[in-house]
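Inside the fold
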Amino acid sequence: MLLTIGASALLQQLLPAWPLFGGVKPPLLAALALYYALRRDSRDMWLAVVTAALLQDGLDLGVFGPALLAFPMIGILAHRIRNEVFADGLVTQLVFGAAIGVFTTFIAILIHSASGQRPFHFGMASVRLLSSLWLGMAVLPLVSLSINKLEASLPQRRGYGWQ
C-alpha cells in the first residue's frame, strides 16, 4: 500500500500540469486514498489517507494543509458508506471520482485564497473545478483497475499483512 502511494506521488509530480485544465494535475493520490477507504479496514484507511495527504501537501507548491483537510473528510465519508455502494461499479467510480476532484480542488482554492497565497479569480476557479471534475472521473477508474490487478498478482501470505 505504501509503495503504491509513493509511486503515485512520484507519477503525479512527473505528469504535466496542462494549461488547458487550469494547471490542475490528475488527482492520483486522492484516488488512492478513496480506493483504500472503500476497500480496507479503518486502520489501513487512516494510514493511506494520512500518508497520501502528507505527500500531496509536501510536494505541492503552496501552504501545507489543503490535502490534510480534504483527504480525511473523503476517507471518513467513503469508509462510512462503503457497505452501501458497489465500489467496483463504473458509475460509482465516475461519481466518486468527480466528487474527489471537485472537493479537493475546492478546499485548495479556499485555503490558498484565504491565506493570500494565490488570488481568487472566479473564471480561473471555475476552470480548475471543471477540470478537476473531468480528471477525477478519468483517474479513479484507472487507479481502481490498476490496484485491483496489482493486488491480484501479489501472492497471498497468511498472517503477514500482505492483503
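To start, this report covers the structure provided alongside it. (Residues numbered from 1 in each chain as written. Predicted model: local features only at pLDDT ≥ 70, side-chain atom pairs only at ≥ 80, totals over all residues. Heavy atoms only, no water.)

Digging into the overall build of the protein
Rules: Think of it this way: any DSSP run of H or I at least four residues long counts as a helix, any run of E at least two long counts as a strand, and we number them from the N terminus. We compute the radius of gyration from the C-alpha atoms alone; for a globule the expected value is 2.2 Å times N to the 0.38, where N is the number of residues. To sort residues, take the accessible area from a 1.4 Å probe on protein chains only and compare it with the maximum for the residue type: under 20% means buried, over 50% means exposed, and anything in between is partly exposed. Whether two residues are in contact is decided by their heavy atoms: any pair within 4.5 Å suffices. Areas reported here follow the Shrake-Rupley algorithm with a probe of radius 1.4 Å; residue values treat only the protein chains shown as occluding. Positive residues here are Lys and Arg, negative ones are Asp and Glu, while His and the chain termini are left out of the count. To locate a charge, the coordinates of NZ of Lys, CZ of Arg, CG of Asp or CD of Glu are taken.
The secondary structure content of the protein amounts to six helices and zero strands. Reading the secondary structure of the protein in the N-to-C direction produces α-α-α-α-α-α. The C-alpha radius of gyration computed for the protein amounts to 16 Å, which stays within 12% of the reference 15 Å derived for 163 residues, consistent with globular compactness. Along the longest, intermediate and shortest principal axes, the C-alpha atoms of the protein span 55 × 30 × 30 Å. In the protein, which comprises 163 residues, the share counted as buried stands at 40%. Taking the contacts inside the protein whose residues are at least 6 apart along the sequence as the reference set, 71% of them involve residues at least 24 apart. Carbon together with sulfur atoms contributes 70% to the accessible area of the protein, which is approximately 9100 Å² in total. A distance of 4 Å separates the average location of the 11 positive side-chain charges in the protein from that of its 7 negative side-chain charges.

Focus: the packing of aromatic side chains
Two measures describe an aromatic ring pair: the distance that separates the ring centres and the angle between the ring planes. Condition: Here the aromatic set is Phe, Tyr and Trp, taking the six-membered ring for Trp, and pairing holds for ring centres within 6.5 Å; pairs whose planes are under 30 degrees apart are stacked, those over 60 apart are edge-to-face, and all others are tilted.
Under the defined criterion, the tally for this structure stands at two aromatic pairs. Aromatic side chains W18 and F21 sit 5.5 Å apart centroid to centroid with 65 degrees between the ring planes, which places their arrangement in the edge-to-face category. F21 gets classed as partly exposed once you look at its relative accessible area, which sits at 25%.

Description of helix α6 (residues 122-153)
Convention followed: One less than the residue count of a helix, multiplied by 1.5 Å, gives the span that helix is expected to have.
For α6, which comprises 32 residues, the first-to-last C-alpha distance of 46 Å matches the rise-based estimate of 46 Å (1.5 Å per residue) to within 8%. Buried residues along α6 sit in contact with α1 (2-14), α2 (28-39) and α5 (90-115).

Brief notes about the layout of surface pockets
What counts is decided by this rule: Points on a 1 Å grid, built from protein atoms alone, make a cavity when a 1.4 Å probe fits but cannot get out and make a pocket when they are open with protein on both sides within 12 Å along at least 5 of 7 lines; residues with an atom within 4 Å of a point are the lining residues. Grid points are joined across faces, edges and corners, and a volume is the space filled by probe spheres set on the points.
Put simply, the largest pocket is a space of about 800 Å³. Considering the residues around the largest pocket, the lining is formed by 35 residues, among which D60, A108, H112, R118 and R128 are closest to the centre. Sorting the residues of the lining of the largest pocket by element identifies α1, α2, α3 (42-59), α4 (66-80), α5 and α6 as the ones contributing at least two each. With seven residues, α5 is the largest single contributor of residues to the lining of the largest pocket.

Here we look at the side chain of T4
Under the convention used in this document: Here a polar contact is recorded for every N or O atom pair within 3.5 Å, except that within protein the pair must consist of a potential hydrogen donor and a potential acceptor, and residues adjacent in sequence are included only if both atoms are side-chain atoms.
Position of T4 relative to the elements: it lies in helix α1. There is a polar contact of 2.7 Å between the side chain of T4 and the backbone oxygen of M1. Separated by 3.0 Å, the side chains of T4 and Y36 make a polar contact. In this structure T4 touches L32, Y36, I147 and L150, once residues within four positions along its chain are discounted.

Observations regarding the side chain of D44
Relative to the helices and strands, D44 resides in helix α3. Take D44: its relative accessible area is 13%, and that puts it in the buried class. At a separation of 3.5 Å, a polar atom in the side chain of D44 contacts the side chain of R43.

Concerning the environment of W46
Considering the arrangement of structural elements, one finds W46 in helix α3. Along the backbone, W46 and P72 are 26 residues apart, and their C-alpha atoms lie at a distance of 7.7 Å. Setting aside its immediate chain neighbours within four residues, W46 contacts P72 and I76.

Focus: the packing of α3 against α4
The cut-off we apply is this: As a rule, the C-alpha atoms of each element are fitted with a line to give its axis, helices using only the stretch in contact, and angles between N-to-C directions run from 0 to 180 degrees. An angle below 35 degrees is read as roughly parallel, one above 145 as roughly antiparallel, one from 65 to 115 as roughly perpendicular, and any other as oblique. Two helices crossing with the near one rotated counterclockwise from the far one by less than a right angle form a left-handed crossing, whereas a clockwise rotation gives a right-handed crossing. Nonpolar residues are Ala, Val, Leu, Ile, Met, Phe, Trp, Tyr, Cys and Pro. Charged residues are Asp, Glu, Lys and Arg, and all others, Gly as well, are polar.
At a minimum axis distance of 8 Å, the contact between α3 and α4 shows a crossing angle of 155 degrees. Taken together, the axis directions place α3 and α4 in an arrangement best described as roughly antiparallel. In the packing of α3 onto α4, the handedness of the crossing is right-handed. Contacts from S42, M45, W46, V49, A52, A53, L54, Q56 and D57 in α3 reach P66, A67, L68, F71, P72, G75, I76 and H79 in α4. Grouping the constituent residues of the contact of α3 with α4 by class yields 12 nonpolar, four polar and one charged.

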